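# Coordinates in review
Read off the chains here:
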4 protein chains.
Amino acid sequence: MLIVMHHRATPDQIRTVVDTIDEMGYRAKPIPGYQRIAIGLVGNDGRVEEARLVGLPGVREVIKVSKPYKQVSREWREENTLVRLENGTVLGGPEVVLMAGPCAVESRGQILEIADRVRHLGASVLRGGAFKPRTSPYSFQGLGARGLELLAEARDRTGLAVVTEAVDAESVAVVAEHADMIQIGARNMQNYPLLKRAGRSGRPVLLKRGMSATITELLLAAEYLLSEGNPDVVLCERGVRSFDPATRNVFDLTAIPLAKSLTHLPVIADPSHATGMRDKVVPMARAAVAAGADGVLVEVHPNPPEALSDGVQSLYPEQFRELVAQCGPIARAIGRSLASPPVPLVAEHAGV
Amino acid sequence: MLIVMHHRATPDQIRTVVDTIDEMGYRAKPIPGYQRIAIGLVGNDGRVEEARLVGLPGVREVIKVSKPYKQVSREWREENTLVRLENGTVLGGPEVVLMAGPCAVESRGQILEIADRVRHLGASVLRGGAFKPRTSPYSFQGLGARGLELLAEARDRTGLAVVTEAVDAESVAVVAEHADMIQIGARNMQNYPLLKRAGRSGRPVLLKRGMSATITELLLAAEYLLSEGNPDVVLCERGVRSFDPATRNVFDLTAIPLAKSLTHLPVIADPSHATGMRDKVVPMARAAVAAGADGVLVEVHPNPPEALSDGVQSLYPEQFRELVAQCGPIARAIGRSLASPPVPLVAEHAGV
Amino acid sequence: MLIVMHHRATPDQIRTVVDTIDEMGYRAKPIPGYQRIAIGLVGNDGRVEEARLVGLPGVREVIKVSKPYKQVSREWREENTLVRLENGTVLGGPEVVLMAGPCAVESRGQILEIADRVRHLGASVLRGGAFKPRTSPYSFQGLGARGLELLAEARDRTGLAVVTEAVDAESVAVVAEHADMIQIGARNMQNYPLLKRAGRSGRPVLLKRGMSATITELLLAAEYLLSEGNPDVVLCERGVRSFDPATRNVFDLTAIPLAKSLTHLPVIADPSHATGMRDKVVPMARAAVAAGADGVLVEVHPNPPEALSDGVQSLYPEQFRELVAQCGPIARAIGRSLASPPVPLVAEHAGV
Amino acid sequence: MLIVMHHRATPDQIRTVVDTIDEMGYRAKPIPGYQRIAIGLVGNDGRVEEARLVGLPGVREVIKVSKPYKQVSREWREENTLVRLENGTVLGGPEVVLMAGPCAVESRGQILEIADRVRHLGASVLRGGAFKPRTSPYSFQGLGARGLELLAEARDRTGLAVVTEAVDAESVAVVAEHADMIQIGARNMQNYPLLKRAGRSGRPVLLKRGMSATITELLLAAEYLLSEGNPDVVLCERGVRSFDPATRNVFDLTAIPLAKSLTHLPVIADPSHATGMRDKVVPMARAAVAAGADGVLVEVHPNPPEALSDGVQSLYPEQFRELVAQCGPIARAIGRSLASPPVPLVAEHAGV
């Protein structure tokens, strides 16, 4: 931490800052400058409350030097974390993982059909919401626990891993029971009781970036999960809020190489929510893979115009086929490959 | 809802849109234009899923006309909602209510001292966090239930109403028991299970605008509370995220007259979080009152440099005195006045 | 400037940074920290090119301590700059100055009528565009030089000072000839050839904040004017771009007290462009005065629905009367007053 | 255009709106709705001034349906515009064009060296600033006309086309004389006198998106160029301003497929300014090509730490080699290829 003094700060004011730092249990190191003096605070363990210094007379600015996160950082752990799902899918390694499925589980027929389709087309993970956080109280809110049972059935039939969202403590418990991976949605990225609960769930967590979260805040949210003992966290860029209504969000793809340089955790991308437009999903999935994403999460629906939510941005199965066909060569162009879909766990029953 | 066709849309494509609208149970009304045709969808009850129309060939754009919220709107209820707290404070009437207190309850001594100070200086409501949502897992997380007991003691001694934040279903229950008003923080504005629970709590709710929430989204979050049967909702502008690091947030004061024209609910402002700088709180509190805020919520601490959180933006008690002295004439300049602090409920005991 | 090293930086890497700083002609001062070392660069005169340091091995981050602007800063000059216009109006002193007029000069009748109206209602300065930067090439682009002549005629009749926009080098010359103050619009805040030209014009300049300019960038733009020898610069907050389409811009009123603490220059506010909605202009003008603005700039048109530009946000003369009536008491509440309109320079002719 | 009435609008108010539309010379078409009536304005030729309607009693909102741009739109011209430079390079066709060079021309040695390097590595176009718009008046402002001569010499030696920025009317003239393509920088995207001048220059124009410009505004700026008779316009996404200080800008790559669906003009991307970080330029160049960019513009300097501007984001020549090596396979993965560098016009002299 660096305390920058006003250029007319008096020697007394400078001495008070130095004494205060001493009292707080750290060491002060004055750095005389061209126009003004600055005072380095040495020994900061991340717990310094800057308020005590900001308030002192003659202080112009307090600049933080240390990053506030620890366990998620590359400095804490240099090698990539590999997050393994029960069906053998690995996130964070050389393979790019495709996760696909409807915005919401709507019916048994719908979820079984789409699970089968996306697995045959190349997905390794099935997405689908059972608990849906919706902006309006009058929108479809999901099937709840029944949706989870249907997802579990789809997993058993296809061998796909299942990722689905939890929205509060109770839903973490049931999602952890039925799914392979717990999603924390963008609106809940800073829902700390939820993060703590998911951190103790024993399941890998897919943590989506908040609508206007900085990368530092995303990493601090992940730090909540790791600090509760859960090392299996996957970050997801899904677009951030911006000023242009032309797209639903701005897809911040630079966040992918940036996050991967700051943290050892896998980072995937969600072009469906980032663009909000079906016909932009395929090019932006390509761009995400080219930027270095460890996976791509997309919405696919057997019949998008009839979807109960997010139909506008859901792909037709045919478009998902095209996505796979185009992302494969992109992955190979950068020395990676698409992960292969799993062999169904109960393949013998699937055809019965 | 208006469906705008491409300028080369064929008669067949237009017919398909009309037929689809018919099938959906609404009426279609074509509007021929200079360059292109648009088709009005008549009879929209707010449940139309646009995806079905966006996907049709020849459709360029779907424009929503209806606002998605209902009970919170001025069209639903023209007169102002008055939210009454147990100590007689009324929000939404002619008086401007001052709410003050520390970011977090830190100790019995701290909260009793500051409660006494702010009441004597002119506050009607005491704020103070017991459950603290913090960006870093390593920051002070609040005293929890013990903090609520201290707030209740401060209320009994001073006659101030108490507002404090709930962060999940369990905390709603205990906050509703000990406090007069439940705060939903900015990070939780779209935490729908929490909103639903607070909507059934029987207590007035102070709903803070999310960091990058539009006014429409804020009103939809309030709609969750009203649709659960709770009419006593107060909205709070607390700054939104923007590109300039010079202030913690951008204080969107236009949101005050704007929200008040769209909804019948009271709207207050929080200049402490909006600016993040102690010496900007007083001028911006004045500006909020001038813009028409029904109340001002500020952080005041007996000794800000020692505060366990938000010390940088907390006022000294002397500065709060100045705030009251300056906001009073501003309120009178627009034909309002500051609400008077309450007579302590247990005044006879206070001096014992 | 502070160079923060990676926590695994080697002694060699640290030595290289120190040597590089020496070579650049500055002094290096290492500051050992808890997790990592940082190196202070001492003697920075504002010309250090950080690139040379950012690129060195082991360097994690370079943090700038000095502010890049000089002559505009309060540290350079402590007392307020007073900008005096030819009709005696003073900006930056205790009086709050009202500037009013149409978006664009449309005709002789229009500008003479509105000038007369706003002067009688309390304005000291007449605004009105002759050169109009318009987003679309098909919109009305202003009357050009003819508009300037009409503004000059209005000034002669009413005694109002005239402020109008210049958009390139040629227009600076003619605006300087006919008007009292040259406006640099938001779209041109970083048009440096224009700033340099205006800095040599001999006329006071009204510099509007760019649509997404930080306060630092606004001050640097003003620095261009001062560094060309023009001390008479007035800054104007007019709203910045944000994510909510509900208003044209977000009115960043905190920028007013913030800018006034960083610079000695006067700061005014433009609620017409900031809100884009006629019925929000009056409350936000009040808020601007309460926040400490040295003046308020608003669009007023004799008949807004017929305006050739910005009619949606232009006040009716009656609304400007209301604005004056409401802003007066606000100004007095903070110990200021509204500036009185000037005595017409050619009052004897006015009635002829 | 659609005029939405308040749900309590009276028949008289509705009639007034209809009559006003009639008076304005358009036709009104009422569309009765579930909650309220809306009135379509038929025959809008893009010149309707909405102010006249917004102001009428009973009107709640006016919604624009038509896009305000014309000649740049895909509806005006379906097939891609191909922009041909003098050295044979074509933008907008199947080949992806690489443009590279230093931020600023600094010396004869520097520009000749880097031109030679980037041509041999695969660039077809040389970039380099002679007139530099700099945020601070104390930063290096470019070599001006001398810089242009050096660029022309570099072009003659290498066969590269040259693109360089013009900042005002005079510089358009000299840039048009010496360079193959005139760049309009982000800060000048809405500098309309400059756009008009460049529109009459007879040279292709590279138009960079403004720091907070919407796609619609970018297209309207291009419309200024086309409406002056210049069909050879290339758009450039270079990052937009956002809230996270982690990167210089947010690289809005979705803007590439989006713009290409709205306009027939070529669209390229500038990952140097978009990220501001040297080590993120290569992955984001890959992502831009994957998203469908028609070209990539990057800063390359023979010795970035010594660069007089933008050194932090400039690539080393070795990194540009890597960029070319990685972008080639990405281009092929989507059925395109990198454009081949030109045969030097004066190859026989080059070795002399």
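Residues numbered from 1 in each chain as written. Chains lettered and ligands numbered in written order. Predicted model: local features only at pLDDT ≥ 70, side-chain atom pairs only at ≥ 80, totals over all residues. Heavy atoms only, no water.

### Some words on the interface of chain A and chain B
Chain A puts 45 residues into the contact, and the matching count from chain B is 45 residues. Summing the contributions of chain A and of chain B, the shared interface buries around 3,600 Å²; its carbon and sulfur component is 52%. Broken down residue by residue, the surface that chain A buries against chain B is led by Thr135, Tyr138 and Arg241 of chain A, which jointly contribute 16%. One can count four salt bridges joining chain A with chain B. Between arginine 52 of chain A and glutamate 306 of chain B there is a salt bridge, with the nearest N and O atoms lying 3.3 Å from each other. Scanning the region where chain A abuts chain B turns up 23 residue pairs in polar contact (both at pLDDT 80 or more). Elements with a contribution of two residues or more to the side of chain A that touches chain B: α2 (51-54), α6 (192-199) and α7 (215-227) of chain A. The element contributing the most residues to the side of chain A that touches chain B is α7 of chain A, with five residues. When its residues are assigned to classes, the side of chain A that touches chain B shows 18 nonpolar, 13 polar and 14 charged. (Contact = heavy atoms within 4.5 Å. Buried area = accessible area lost by both parts, 1.4 Å probe. Salt bridge = Lys/Arg side-chain N within 4 Å of Asp/Glu carboxyl O. Polar contact = N/O pair within 3.5 Å; in protein donor to acceptor, adjacent residues only side chain to side chain. Helix = DSSP H or I, 4+ residues; strand = E, 2+ residues; numbered from the N terminus. Nonpolar A, V, L, I, M, F, W, Y, C, P; charged D, E, K, R; others polar.)

### Comments concerning the pattern of salt bridges
Enumeration over the complete set of coordinates arrives at 93 salt bridges over all chains. A salt bridge links lysine 280 of chain D to aspartate 279 of chain D; the nearest nitrogen and oxygen atoms lie 3.1 Å apart. The exposure class assigned to lysine 280 of chain D is buried, which follows from its relative accessible area of 3%. A single salt-bridge network, built from bridges that share partners, covers Arg209, Glu237 and Asp252 of chain A together with Asp244 of chain D. (Buried < 20%, exposed > 50% of the residue type's maximum accessible area, 1.4 Å probe, protein only.)

### Quick look at the relation of the copies chain C and chain B
When chain C is fitted to chain B, the residual RMSD is 0.0 Å, and the transformation amounts to a turn of 180° plus an axial shift of 0.0 Å. These values place the two chain copies in the arrangement generated by a two-fold rotation axis. Residue alanine 287 of chain C of chain C places its C-alpha closer to the rotation axis than any other residue of that unit, at 2.1 Å. Taken together, the interface assignments show that 100% of the residues at the interface of chain C recur at the interface of chain B, consistent with an identical surface on both copies. (Least-squares fit on C-alpha atoms with pLDDT ≥ 70 in both.)

### Thoughts on the side chain of glutamate 106 of chain C
Residues and elements named next belong to chain C. Here glutamate 106 shows up in the loop between β7 (95-101) and α3 (108-121). We note that glutamate 106 is buried and unpaired, the nearest opposite charge coming from arginine 134 at a distance of 8.2 Å. At a separation of 3.1 Å, a polar atom in the side chain of glutamate 106 contacts the side chain of histidine 301. Those residues in contact with glutamate 106 that lie beyond four places of it in its chain are Leu143, His301, Glu306, Ala307, Leu308 and Ser309. (Lys, Arg positive; Asp, Glu negative; His and termini not counted.)

### Quick notes on the interface of chain C and chain B
Of the residues lining the interface, 35 residues belong to chain C; the matching set on chain B comes to 35 residues. Buried surface at the junction of chain C and chain B, summed over both partners, amounts to about 2,600 Å²; 73% is from carbon and sulfur atoms. The tally of links from chain C across to chain B stands at two salt bridges. Seen at the junction of chain C and chain B, the total is four residue pairs in polar contact (both at pLDDT 80 or more). When residues of the side of chain C that touches chain B are traced back to their parent elements, those giving at least two are α8 (255-262), α10 (278-291) and α11 (317-333) of chain C. It is α10 of chain C that contributes the most residues to the side of chain C that touches chain B, seven residues altogether. Residue composition of the side of chain C that touches chain B, by class: 22 nonpolar, seven polar and six charged.

### Some remarks on the side chain of arginine 336 of chain B
Residue and element names in this part refer to chain B. Along the chain, arginine 336 falls in the loop between α11 (317-333) and β15 (337-338). In this structure the side chain of arginine 336 is engaged in a polar contact, spanning 3.1 Å, whose partner is the backbone oxygen of proline 94. Setting aside residues up to four positions removed in sequence, arginine 336 forms contacts with Gly93, Pro94, Glu95, Val96, Gly292, Ala293, Asp294 and Ala331.

### Some words on the relation of the copies chain A and chain B
For these two chains of identical sequence, chain A goes onto chain B by a turn of 180° and a shift of 0.0 Å along the axis, with RMSD 0.1 Å. Take the interface residues of chain A: 100% of them recur as interface residues in chain B, which is what a same-surface contact looks like.

### Describing helix α6 (residues 192-199) of chain B
Residues and elements named next belong to chain B. Every buried residue of α6 is listed here: Tyr192, Leu194, Leu195, Ala198 and Gly199. Angular distribution of buried residues about the axis of α6 spans 155°; they occupy a single face of the element. Looking at the packing, one finds that the buried side of α6 touches α5 (169-178), β10 (181-184), β11 (205-208) and α7 (215-227). (Arc of directions from axis to C-beta.)

### Overview of the packing of α6 of chain A against α7 of chain A
All names here are of chain A. At a minimum axis separation of 7 Å, α6 and α7 run at an interaxial angle of 45°. For the element pair α6 / α7, the angle class is oblique. At the point where α6 passes α7, the crossing takes the right-handed sense. Of the residues in α7, those in contact with Tyr192, Leu195, Lys196, Ala198 and Gly199 of α6 are Ala221, Tyr224 and Leu225. (Axes fitted to C-alpha atoms, helices over the stretch in contact; angles between N-to-C directions. Parallel < 35°, antiparallel > 145°, perpendicular 65-115°, else oblique. Left-handed = near helix turned anticlockwise from the far one by under 90°.)

### Re the packing of aromatic side chains
Tallied over the entire structure, the rule returns four aromatic pairs over all chains. An angle of 20° between the planes, with centres 4.5 Å apart, marks the rings of tyrosine 192 of chain A and tyrosine 224 of chain A as stacked. Taken together, the residues span a long stretch of sequence, with tyrosine 192 of chain A in helix α6 and tyrosine 224 of chain A in helix α7 at a distance of 32 residues. Of the two residues, tyrosine 192 of chain A and tyrosine 224 of chain A, both sit in the buried class. Over the aromatic face of tyrosine 138 of chain A sits the side chain of lysine 70 of chain B, whose NZ or CZ is 5.7 Å from the ring centroid. (Phe/Tyr/Trp six-rings, centres within 6.5 Å; stacked < 30°, edge-to-face > 60°. Lys NZ or Arg CZ within 6 Å of the ring centre and 35° of its normal.)

### Examining the pairing of strand β1 (residues 2-5) of chain B
Residues and elements named next belong to chain B. Alternating positions in β1 separate into two faces, Leu2 and Val4 on one and Ile3 and Met5 on the other, with burial throughout. Summarising the sheet, β1 and strand β4 (residues 59-63) pair through four bridges and their orientation is antiparallel. Its bridge partner being in β4, methionine 5 is matched across the sheet by valine 59. Where β1 meets strand β3 (residues 37-42), three bridges bridge the pair, whose relative direction is antiparallel. (Pairing = 2+ DSSP bridges.)

### Structural notes on the confidence of the model for chain A
Interpretation of this model should avoid reading the predicted coordinates in detail wherever pLDDT is low. Residues and elements named next belong to chain A. The predicted model of chain A has a mean per-residue pLDDT of 92, with 96% of residues at 70 or higher. Confidence over residues 347-352 falls short of pLDDT 50; this stretch has one contact with residues more than four positions distant or in other chains. Across the predicted assembly, pTM comes out at 0.92 and ipTM at 0.91. (pLDDT = per-residue confidence, 0-100.)

### Overview of the nonpolar core
Among the nonpolar cores identified, the biggest contains 160 residues, and Leu207, Phe320 and Leu323 of chain A together with Leu207, Phe320 and Leu323 of chain D are the most heavily contacted of them. Excluding residues within four positions of it along the chain, phenylalanine 320 of chain D makes contact with Leu98, Ala100, Val118, Leu121, Ala123, Val298, Val300 and Leu315 of chain D. Within the second largest apolar cluster, 158 residues are counted, among which are Leu160, Val172 and Leu226 of chain B together with Val233 of chain C. (Core = buried A, V, L, I, M, F, W, Y, C linked by side-chain atoms within 4.5 Å.)

### Section: the sheet that holds strand β4 (residues 59-63) of chain A
All names here are of chain A. Reading across the sheet, the four strands line up as β2-β3-β1-β4 and stay open at both edges, with antiparallel pairing between neighbours. Among the strands making up the open sheet, the edge pair consists of β2 (27-32) and β4. Adjacent strand axes in the sheet meet at a mean angle of 20° when their direction is disregarded. As paired elements, β2 and strand β3 (residues 37-42) share six bridges and run antiparallel to each other. Each residue of the ladder has a partner; that of proline 30, found in β3, is isoleucine 39.

### Comments concerning the environment of lysine 260 of chain D
Residue and element names in this part refer to chain D. By the secondary structure assignment, lysine 260 is in helix α8 (residues 255-262). Judged by its relative accessible area of 18%, lysine 260 falls in the buried class. In sequence terms lysine 260 and alanine 293 are 33 residues apart; their C-alpha atoms lie 9.0 Å from each other. Setting aside residues no more than four positions away along its own chain, lysine 260 makes contact with Arg74, Val267, Gly292 and Asp294.

### Considerations on helix α4 (residues 145-158) of chain C
Residues and elements named next belong to chain C. Taking 1.5 Å of rise per residue, 14 residues should cover 20 Å, and α4 covers 20 Å from first to last C-alpha, within 8% of that figure. All buried positions along α4 are accounted for by Gly147, Leu148, Leu150, Leu151, Ala152, Ala154, Arg155 and Thr158. If you follow the buried residues of α4, they end up packed against α3, β8 (125-127), β9 (161-165) and α5 (169-178). Downstream of α4 by a residue or two, glycine 159 has a phi angle that is positive, lying close to 80°. (Expected span 1.5 Å × (residues − 1).)

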